[in-house]
Amino acid sequence: APQKGVTYDPRFLLAGVKLSKDDSSWRSGFFDKNSFVESLAGWAKTVVVGRGRLGGIPMGVIVTENRPADITSQEKLVQQAGGVWFPDSAYKTAQGLREFNREGLPCIIFANWRGFSGGQRDMFDEVL
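Here, residues in each chain are numbered from 1, in the same order as that chain's written sequence. A pLDDT threshold of at least 70 governs which residues receive local features in this predicted model, and a stricter bar of 80 or more applies before side-chain atom pairs are shown or counted, although totals over entire chains, interfaces and linings include all residues. The side-chain quantities take in all heavy atoms of the structure and omit both hydrogens and water.

Attention now goes to the overall build of the chain. Only DSSP runs of H or I covering at least 4 residues are called helices, and only runs of E covering at least 2 are called strands; the numbering of each starts at the N terminus. A count of helical and extended segments in the chain gives three helices and six strands. Secondary structure of the chain in N-to-C order comes out as α-β-β-β-β-β-α-β-α. The cut-offs for exposure are 20% and 50% of the maximum accessible area for each residue type, with area from a 1.4 Å probe on protein chains only; residues under the lower value are buried, those over the upper are exposed, and the others partly exposed. Every one of the 128 residues in the chain was classed for burial, and the buried ones make up 31%. Note on contacts: a residue pair is in contact if any heavy atoms of the two residues lie within 4.5 Å. A separation threshold of at least 6 residues defines the contact pool for the chain, and within that pool the share at least 24 residues apart is 55%. Residue exposure ignores everything except the shown protein chains as possible cover, and the areas themselves are Shrake-Rupley values with a 1.4 Å probe. Total accessible area computed for the chain in this model is approximately 8300 Å², and 56% of it derives from carbon and sulfur atoms.

What follows is about the pairing of strand E4 (residues 47-54). At least two DSSP bridges between two strands are required for those strands to pair. Both strand E3 (residues 37-39) and E4 contribute to a ladder of three bridges, which runs antiparallel. In the sheet register, Ser 39 faces E4, and the bridge partner there is Val 49. In this sheet, strand E5 (residues 57-64) lies alongside E4 in antiparallel orientation, the contact comprising eight bridges. Following the sheet pairing, Val 47 is matched in E5 by Thr 64. In textbook terms, the turn of a hairpin is the stretch between consecutive antiparallel strands, and for E4 and E5 this stretch comprises two residues, one of which, Gly 55, has a positive phi near 60 degrees.

A separate point is helix H2 (residues 87-103). Between its terminal C-alpha atoms H2 stretches 24 Å, which fits the 24 Å expected from 17 residues at 1.5 Å a residue. What H2 keeps buried is the set Ser 89, Ala 90, Lys 92, Thr 93, Gln 95, Gly 96 and Phe 100. For H2, the secondary structure elements touched by its buried residues are E3, E4, E5 and strand E6 (107-110). Count one or two residues on from H2 and you reach Gly 104, which has phi positive near 70 degrees. For a helix, the expected span equals 1.5 Å multiplied by the number of residues minus one.

On to the nonpolar core. Residue types Ala, Val, Leu, Ile, Met, Phe, Trp, Tyr and Cys, when buried and joined through side-chain atoms within 4.5 Å, form a set referred to as a nonpolar core. Membership of the largest hydrophobic core is limited to seven residues, which are Leu 14, Phe 31, Phe 36, Val 48, Met 59, Val 61 and Val 63. With three residues, E5 is the largest single contributor of residues to this core. The contact partners of Leu 14, leaving out residues within four places of it in the chain, are Gly 29, Phe 30, Phe 31, Phe 36, Val 48, Val 61, Val 63 and Phe 110. Of all hydrophobic cores here, the second largest spans five residues; its members include Val 47, Val 49, Phe 100 and Leu 105.

Written out as structure tokens, the structure is:
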């Protein structure tokens, strides 16, 4: 279970994680072991979209990233905070939902977006 105020990789929540180098220390995630595959990982990094199996049933999944964005990235103009829907992450979410619908996949959304501030700076940075 995530601890309050501590950042974590949401992929561990979905896919599980090895706690040490041997396989005996596996902590399972939401989906079946080795079934989660992330889509569109290279962009809109404040949201994670992918597919996995839950009890053998294929599903789509969308989860918010709560870790801060990579401040060393050369391609970003502004740092994007985790848990906030920016225009690119909102588009990525919509694209994922559209693909899951076309494929007939049920979808689960782990929505822990923290909302947004409607201040002038947020509107200038196009925060949704």
